[in-house]
Amino acid sequence: MPMAEEKTTHFGYREVAVREKAGLVREVFDSVAGNYDLMNDLMSLGVHRLWKRDFTAGSGIRPGDRVLDLAGGTGDIAAMLSRMVGGNGCVVLSDINEAMLSVGRQRLEDQGIVGNVRYALANAEMLPFEDGEFDAVTIAFGLRNVTDKEAALREMHRVLRPGGKVLILEFSQVQAEPLKAMYDAWSFGALPVLGKLIADDDASYRYLAESIRKHPPQEQLAQMMEDAGFGDVRFRNLTGGIVAIHSGVHA
């Protein structure tokens, strides 16, 4: 009998076997973990810090909430959320990459952020949490690296309580053509060169630029969220659509 054709997915602009993508992404983030904030500064010219403040400030997260921060990276979102939920709340900083999670934990502890933050090494497609465990789930600049985004969205829905909120901050589709041309020139021209000069790693930075272009645009991601069970799905563009904030409610 002929062998079944192996399923493939994108890794940047390359087609790879589905089973290989998580490992390839892990290698990228193992490589950039120590320079992750620098990477984001280069990719966004420093504006990512403003985007993240906007993201958390408009989240509606309140004192006492339990929040899951997926793909939490080096902990900058979790740091802001920990102040919002206060001593009676809890933030779970989660990442699939051990190197990233280690950097995030160390940075939070260095800032004295302890007591209301927990840590979890977890795959967003198969979360190790109970149904309805959280009041909110956040993910910033991480969804585009997930192999099965539909599965991850379903898992976010599952771990939220009824009425709980998901918030997604991600690079998206630039709306204005002049801005798009400049953005493409920066992403594919300057960024890999800077990655090579500063981190001796042009390949990882090239993948990150490519991964942005392969991520679903605003309307498509909103439909995926609705398909996963979320209601009241909305999105808001920032900086001309370079990034967008999507939100939805566990219906």
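For the structure itself, consult the block above.
First, a word on what this report is: a plain description of the structure on this page. Computed from a predicted structure; not experimentally measured.

**A few points about the overall build of the protein chain**
Helix and strand counts for the protein chain come out as 9 helices and 9 strands. By the burial criterion, 52% of the 251 residues in the protein chain qualify as buried. As displayed, the protein chain has an accessible area near 11,600 Å², and 53% of this comes from carbon and sulfur atoms.

**Remarks on helix H8 (residues 202-214)**
Taking 1.5 Å as the rise per residue, H8 with 13 residues should run 18 Å; its terminal C-alpha atoms sit 19 Å apart, in good agreement. Regarding H8, the residues found buried are Ser-204, Tyr-205, Tyr-207, Leu-208, Ala-209, Glu-210, Ser-211 and Ile-212.

**Digging into helix H9 (residues 218-227)**
Taken as a whole, H9 has its buried residues at Gln-218, Leu-221, Ala-222, Met-224 and Met-225. Buried positions in H9, seen along its axis, are confined to an arc of 160 degrees and lie on one side of it. What points out from H9, more than 90 degrees from its buried face, is the exposed set Glu-219 and Asp-227. In this structure, the buried side of H9 is in contact with helix H6 (149-159), strand S7 (160-171), strand S8 (230-238) and strand S9 (243-250). Looking at the residues trailing H9, positive phi occurs at Gly-229, about 110 degrees.

**A closer look at the nonpolar core**
In this structure, Trp-51, Phe-141, Leu-169, Phe-171 and Val-243 are the most contacted members of the largest nonpolar core, which totals 38 residues. Counting residues per element, this core draws most heavily on helix H4 (residues 76-85), at 6 residues. Core analysis: the second largest hydrophobic core is formed by 27 residues, Leu-68, Leu-70, Val-166 and Ala-228 among them.

**Observations concerning the packing of aromatic side chains**
Counting across every chain of the model gives 4 aromatic pairs. Arranged with centres 6.2 Å apart and planes meeting at 50 degrees, the rings of Trp-51 and Phe-141 form a pair that is tilted. Linking Trp-51 in helix H3 (residues 48-57) with Phe-141 in the loop between strand S6 (134-140) and H6, this pair joins segments that are 90 residues apart in sequence. Measuring from centroid to centroid gives 5.2 Å for Phe-129 and Phe-134, while their planes differ by 90 degrees, and the two rings are edge-to-face. Neither Phe-129 nor Phe-134 differs from the other in exposure class; each is buried.

**Re a nonpolar patch on the surface**
Taken together, the side chains of Leu-38, Val-193, Leu-197 and Ile-198 define a hydrophobic patch exposed on the protein surface, amounting to about 360 Å² of accessible area. By residue number, the principal contributor to the nonpolar patch is helix H7 (residues 177-199), which donates 3 residues. Looking at where Leu-38 falls in the secondary structure, it is placed in helix H2 (residues 36-44).

What counts as what
Residues numbered from 1 in each chain as written. Predicted model: local features only at pLDDT ≥ 70, side-chain atom pairs only at ≥ 80, totals over all residues. Heavy atoms only, no water. Helix = DSSP H or I, 4+ residues; strand = E, 2+ residues; numbered from the N terminus. Buried < 20%, exposed > 50% of the residue type's maximum accessible area, 1.4 Å probe, protein only. Areas by Shrake-Rupley, 256 points an atom, 1.4 Å probe, with all protein chains shown as cover. Expected span 1.5 Å × (residues − 1). Arc of directions from axis to C-beta. Contact = heavy atoms within 4.5 Å. Core = buried A, V, L, I, M, F, W, Y, C linked by side-chain atoms within 4.5 Å. Phe/Tyr/Trp six-rings, centres within 6.5 Å; stacked < 30°, edge-to-face > 60°. Patch = residues over 30% accessible without salt bridge, like charges linked within 9 Å, V, L, I, M, F, W, Y side chains within 5 Å. Salt bridge = Lys/Arg side-chain N within 4 Å of Asp/Glu carboxyl O.

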